[in-house]
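An overview of the molecular structure
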There are 2 protein chains.
Amino acid sequence: MNAKKVLVVSAHPEPLSLNAVLADFAVGHLRAAGHEVRVSDLYAMKWKATVDADDYDEGSGAGSRLRVMAASQEATLGGRLTPDVAAEQEKVRWADAVVLQFPLWWFSAPAILKGWFDRVFTAGFAYGPAVPPPYSEGVLAGRRALVSVTAGARETSFSDRGIHGEMADVLYPIQHGLFWFTGMAPLPPFAVCGANELSEERFAAVREAYAARLDGLFTDEAVPFRSLVGGDYDHDMRLLPGVEEPGVGGFGLHRRPGPALVPVPGA
Amino acid sequence: MNAKKVLVVSAHPEPLSLNAVLADFAVGHLRAAGHEVRVSDLYAMKWKATVDADDYDEGSGAGSRLRVMAASQEATLGGRLTPDVAAEQEKVRWADAVVLQFPLWWFSAPAILKGWFDRVFTAGFAYGPAVPPPYSEGVLAGRRALVSVTAGARETSFSDRGIHGEMADVLYPIQHGLFWFTGMAPLPPFAVCGANELSEERFAAVREAYAARLDGLFTDEAVPFRSLVGGDYDHDMRLLPGVEEPGVGGFGLHRRPGPALVPVPGA
């Protein structure tokens, strides 16, 4: 196997949690396969979650109005980011793949991880300035991304007709909005549902399924999101009429007809 | 007009930002209409964004494993929540409606607001313990909720076929996952797109449109999300076959056919 570089980002406050165990498992499994692995354990790092004026103090005059996108772009291009943000950007740039491990809280990432998105993926680093269109042509292209998530609810409630919405759709703001927007190729998410009552037997099955997904990190089919430059969208970034299969709606519009998503381990 | 109680929660680090201006506008407009208004300005409050063991210290023995849902439920039912969380729960319980004002960062709420969801909407307060099914029967039923959001991208890119996904779908984790899950009735979101270049003229139009939405806070049609107890779902929380209109997919499955969403002000 070709040795690659992988960044594992985890976000759970409890070192004995299922998420911590899965993050450790991923790190061990990837290293055993010969990959180089770096870890951002956000709680252990006491990661600062909130974007505020302290992030851009050096670049702006005291008392001036904070315009977040402009300030973050100036700080990025001028090499004046805070050391914690600069270090994470260096890790993302270094990586051939990023793995996120987190519990689904209120149907999205815990605040500390959202704050990693908000603070690390600055204008001038993750997109822009201006020229290349986002999505497939994004500046982080060439990298792969895998979300590994735990959820208390049952798998059926996250299935295609499940009331919480399909897991791939629930994670769309991360899969499509963060990863694909910046050019990274997201794999179908790996989700452990019913995570509050995990028997030894099911835990063994989860580990095995996760190992298979990690083994496919650089070879599995990525989610076939559409490209802005592929001729599917008009100049207003709207999908052209009639390019989707009949009956497809919602976020499914933005995936090309492709292979079925990898099923999650049964709850 | 019937005087009601409204909680406005805002999340922007800059007091001169468009979001701060819109939050102030909402407060003023609602008060002028006779409503009682309380405000949670999360940055001004230096709201703690991350869930961690400090949230539950009193309830758990030192060194014990933190199980977030169980610990938060115990602290809630035992009256041992931290004062900041208890105060926000009291505001939500007090309110007839909650208005959220925030910039869309990476297609979801800023970390500080996500941390308000994560820390305030505990087990035992926002859902459970166990008995009533979530969604329409949730324990916060009777309240209304309005998301007011700003986004840099153009309106077309958040339209029904826009590449970022339809705004109502992008906000589904909040609209359906937080509000509707806990029993609150969410209104269609109010979104200001193209928010980085807002002319005086467009700002005036935005204010007018926002005023109309605030005027309809207690009378506009809520998003017609389906109910778990209405016979639309099976026991595995999957939507029954054939109940949707032909061609509907994605999160749209979980809305009954109903009135068109209120359009956002043109970008």
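Residue numbers restart at each chain and count upward from 1, following the sequence in its written direction. Here the convention is simple: chains get letters from A, ligands get numbers from 1, in the order in which they are written. Under the rules for a predicted model, residues below a pLDDT of 70 receive no local features and side-chain atom pairs below 80 are neither given nor counted, while totals for whole chains, interfaces and linings still include all residues. Neither water nor hydrogens contribute to the side-chain values; these are computed over all heavy atoms in the structure.

Another point: helix α7 (residues 200-215) of chain A. Each helix is a run of DSSP H or I of at least 4 residues and each strand a run of E of at least 2, with the numbering of both proceeding from the N terminus. Expected helix span is computed as 1.5 Å times (number of residues minus one). The terminal C-alpha atoms of α7 of chain A lie 23 Å apart, and with 16 residues this matches the ideal 22 Å at 1.5 Å per residue to within 8%. Only heavy atoms enter the contact rule, under which two residues are in contact if any of them lie within 4.5 Å. Buried-residue contacts for α7 of chain A involve α1 (18-32), β3 (97-103), β4 (144-150) and β6 (190-192) of chain A.

This next bit is on the pattern of salt bridges. By definition, a salt bridge exists where a carboxyl oxygen of Asp or Glu is found within 4 Å of a side-chain nitrogen of Lys or Arg. Counting across every chain of the model gives 28 salt bridges over all chains. Salt-bridge contacts for Arg-238 of chain B lead to Asp-160 of chain A; the nearest nitrogen and oxygen are separated by 3.2 Å. Placement of the pair is Arg-238 of chain B in the segment after α7 (200-215) and Asp-160 of chain A in the loop between β4 and α5 (167-170), with the two residues belonging to separate chains. Buried residues are those whose accessible area, probed at 1.4 Å on protein chains only, stays under 20% of the maximum for their type, while exposed residues exceed 50% and partly exposed ones sit between those limits. Classification of Arg-238 of chain B as partly exposed rests on a relative accessible area of 26%. By relative accessible area, which is 44% here, Asp-160 of chain A ends up partly exposed. A salt bridge links Glu-90 of chain B to Arg-38 of chain B, with the shortest nitrogen-to-oxygen separation between them at 3.0 Å.

Residue and element names in this part refer to chain B. Summarising burial for strand β4 (residues 144-150): 7 of the 7 residues are buried, a large majority. By the convention used here, strands pair only if DSSP detects at least 2 bridges between them. Sheet topology places strand β3 (residues 97-103) next to β4; 7 bridges connect them, and they run parallel. Each residue of the ladder has a partner; that of Val-98, found in β4, is Ala-145. In this sheet, strand β5 (residues 185-186) lies alongside β4 in parallel orientation, the contact comprising 2 bridges.

The next subject is the relation of the copies chain A and chain B. Once chain A is rotated about the relating axis by 180° and shifted along it by 0.0 Å, it coincides with chain B to within an RMSD of 0.0 Å. The operation mapping one copy onto its partner corresponds to a two-fold rotation axis. Taken as a fraction of all interface residues of chain A, those also at the interface in chain B reach 100%, which identifies the copy contact as same-surface. All copies are superposed by least squares; the fitting set is the C-alpha atoms of residues with a pLDDT of at least 70 in both.

The subject of this paragraph is the interface of chain A and chain B. In this assembly, 72 residues from chain A lie in contact with 72 residues from chain B. Put simply, buried area is the surface a 1.4 Å probe can reach on two separate parts but cannot reach once they are joined, added for both. Regarding the contact of chain A and chain B, the summed buried area is about 5,400 Å², with carbon and sulfur atoms giving 61% of it. The tally of links between chain A and chain B comes to 6 salt bridges. The residue Arg-161 of chain A makes a salt bridge to Glu-244 of chain B at a minimum N-O spacing of 2.7 Å.

By themselves, these figures tell us nothing about what the structure is for.
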